[in-house]
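What follows is each chain in one-letter form.
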Amino acid sequence: QVQLVEAGGGLVQAGGALRPSCAASGRTFKTYNYPMGWLRQAPGKEREFVAAITRSGGTTYYGDSVKGRFTISRDNAKNTVYLQRNSLKPEDTAVYYCAAHLGGTYYNPGNYGYWGQGTQVTVSS
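I will try to describe carefully the structure that is included in this document. (Residues numbered from 1 in each chain as written. Predicted model: local features only at pLDDT ≥ 70, side-chain atom pairs only at ≥ 80, totals over all residues. Heavy atoms only, no water.)

1. Regarding the pattern of salt bridges
Two side chains of opposite charge can pair, provided their charged atoms sit close to one another. Summed over the entire model, instances satisfying the criterion amount to four salt bridges. Put simply, Glu-48 and Arg-40 hold a salt bridge, and the shortest N to O gap is 3.0 Å. When its relative accessible area of 32% is taken as the criterion, Glu-48 is described as partly exposed. Since its relative accessible area comes to 6%, Arg-40 is described here as buried. For the salt bridge of Asp-64 with Lys-67, the shortest nitrogen-to-oxygen distance reads 3.6 Å. Like Lys-67, Asp-64 is exposed. Among the charged side chains, a salt-bridge network with shared partners connects Arg-40, Glu-48, Arg-69 and Asp-92. (Salt bridge = Lys/Arg side-chain N within 4 Å of Asp/Glu carboxyl O. Buried < 20%, exposed > 50% of the residue type's maximum accessible area, 1.4 Å probe, protein only.)

Laid out in C-alpha cells, this is it:
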C-alpha cells in the first residue's frame, strides 16, 4: 500500500532548480510521526541517501554530494516534505524517493520504510 506520493520532478538544465514535494496520500498516514528522508537511485546504481529532517524540522542531514546545494524542509500542517534542489548537475539525474526514517543512522537507505513511488529528475548538460 502506497502512503507517500512524490511530485514535482522533471527535466531541467544544469544549474537550474527544482522543488519536488512528498505528501501523504491519505488521511491516516502522518508524516510528522517520523523523521523523513529523501533518497535517490540512478540507473545501474544502488539507492543513495540525499537528505533527512527531524520530526519538528529543527535538524537536517545531507549527503556529501548534495551538501550546500539541496535543502530539505517540511510543513507538518500540510503533511508534506520538500527538497529544494539548486545548482543541479547532470550527476543529480535519478529517481527521487521520499520515505519515513524508522531507526538507525539517517545515511543508510535500508533504515527507511513507507517508500513513495518516486519522481524522475533529469538534469541536462
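2. What about the pairing of strand 3 (residues 21-24)?
Judged by which residues are buried, strand 3 turns out to be one-sided: Cys-22 and Ala-24 face inward and are buried, whereas Ser-21 and Ala-23, on the alternate face, are not. By the bridge criterion, four bridges tie strand 1 (residues 4-7) to strand 3 in an arrangement that is antiparallel. Bridging from a neighbouring strand, Glu-6 pairs with Cys-22 of strand 3. As paired elements, strand 3 and strand 8 (residues 80-85) share three bridges and run antiparallel to each other. Each bridged residue has a counterpart across the sheet, and for Ala-23 the counterpart in strand 8 is Thr-80. (Helix = DSSP H or I, 4+ residues; strand = E, 2+ residues; numbered from the N terminus. Pairing = 2+ DSSP bridges.)

3. Examining the packing of aromatic side chains
Per the stated rule, a full pass over the model turns up six aromatic pairs. Between Phe-49 and Tyr-107, the aromatic rings sit 5.2 Å apart at their centres with planes inclined by 80°, giving edge-to-face as the arrangement. One end of the pair, Phe-49, is in strand 5 (residues 48-53); the other, Tyr-107, is in the loop between strand 9 (94-101) and strand 10 (112-113), and 58 residues separate them in sequence. Residue classification places Phe-49 among the buried positions, given a relative accessible area of 7%. Since its relative accessible area comes to 46%, Tyr-107 is described here as partly exposed. Plain terms: the ring middles of Tyr-61 and Tyr-107 are 6.5 Å apart, the flat faces sit at 85° to each other, and that makes the pair edge-to-face. A residue pair is termed long-range when its members are at least 10 positions apart, and Tyr-61 in strand 6 (residues 60-62) and Tyr-107 in the loop between strand 9 and strand 10 qualify at 46 residues. (Phe/Tyr/Trp six-rings, centres within 6.5 Å; stacked < 30°, edge-to-face > 60°.)

Any functional reading would require information beyond the geometric quantities listed.
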